[in-house]
Amino acid sequence: MPGVESQTRIKRHLNELGLRSQLRARPRIQGRVLAPAGMFRRLPTSTGLYFPFYHDVLPEYAGDLRRHLQSFKRLGPMVTWDEALEVLAGRRDLSGPMFCLSFDDAHLSWRDVVAPMLRELRVPATFFVTTGLVGQTGNLTWPDLRDLLAQGFQFGSHTVTHQRLADQDDAASLHEIRFSKDRLEQELGVEVRDFAAPYGSLVDYGDREVSAAREAGYRSFASTLRAPMLPGDSPMFIQRQGLHPAWPLWAVRTRVHD
Ligand SMILES: [Zn+2]
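So, here is what we can say about the structure in this document. (Residues numbered from 1 in each chain as written. Predicted model: local features only at pLDDT ≥ 70, side-chain atom pairs only at ≥ 80, totals over all residues. Heavy atoms only, no water.)

Comments concerning the nonpolar core
Working step 1: Ranked by internal contacts, the top residues of the largest apolar core, which has 52 residues, are Phe72, Phe103 and Leu145.
Working step 2: Mapped onto this core, the elements with two or more residues apiece are α3 (62–75), β4 (101–105), α5 (109–121), β5 (125–129), α6 (142–150), α7 (170–188), α8 (207–216) and α9 (249–252).
Working step 3: When residues of this core are assigned to their parent elements, the largest contribution, seven residues, is made by α5.
Working step 4: Contacts of Phe103, omitting those with residues within four sequence positions, involve Tyr54, His55, Val57, Trp110, Val114, Leu118, Ala125, Thr126, Phe127 and Phe128.
Working step 5: Counting 16 residues, the second largest nonpolar core, distinct from the first, contains Leu85, Leu88, Leu94 and Cys100. (Core = buried A, V, L, I, M, F, W, Y, C linked by side-chain atoms within 4.5 Å. Buried < 20%, exposed > 50% of the residue type's maximum accessible area, 1.4 Å probe, protein only. Helix = DSSP H or I, 4+ residues; strand = E, 2+ residues; numbered from the N terminus. Contact = heavy atoms within 4.5 Å.)

Brief notes about the pairing of β5
Working step 1: For β5, the tally of buried residues reaches five of five residues, placing the bulk of the element in the interior.
Working step 2: Covered by surrounding structure in β5 are Ala125, Phe127 and Val129 together with Thr126 and Phe128, the residues of both alternating faces.
Working step 3: The pairing of β4 with β5 spans five bridges and is classified as parallel. Bridging from a neighbouring strand, Asp105 pairs with Val129 of β5.
Working step 4: Crossover connection from β4 via α5 to parallel β5: handedness right-handed.
Working step 5: Here four bridges tie β5 to strand β6 (residues 154–157), and the two strands are oriented parallel to one another. The partner of Phe127 across the bridge, within β6, is Phe155.
Working step 6: Between β5 and its parallel partner β6, the chain crosses via α6, and the hand of that crossover is right-handed. (Pairing = 2+ DSSP bridges. Right-handed = clockwise from strand over helix to strand, strands pointing away.)

Read these as layout, nothing more, since geometry by itself doesn't imply function.
As structure tokens, then:
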């Protein structure tokens, strides 16, 4: 009875998806579920460039984010996106672990929680902005973003509408990549040369997007593949490690490890 069998498989798959999205909605529990796997991993001690990234950092998770950042800082330098690209190009030394931090979307907590902490800890970061979210309820405004820029943070594009680029037709995909860059440059008055694809795995974008980004004038393109990077690796295939501030360090170790 192949029909029944495949129905069972689909049902099981949906249950797994349901469980996964429930876990995403409860990051503390998600962190606890992930943590045992971190027992067999350690935070990096050998040479590699890591790109941990976050989204929203609600005030109740501020202490946890601080613990993550302090752990990274103990292991190696935290550098700007510019400096990380210099490392990939072989123009800057890499010995031991190095970390380059970023944040995605347009969360209010960047202004209220993240930026004050990063300034205090002297940690640089790049904010990848979804331009269509700016000014929407619960998100930052353009003046907020200009203020973050004035504080010394860097900016990249995270599209206009945050849809999966692979689902778009050619014109729409191109628009997401180009128009977000133009808008950010108009509003911030600086050149924007770094791009992070929404969702960022290999089913979410493809060569079409990387070529379009290159033609639009971007110098880097970030995915959410997790491996550490080394000099010589392509800046058009930056591999970032998605983290949630609510996770215990053992869960962080499942994403950021040697
Ligand atoms: Zn995003």
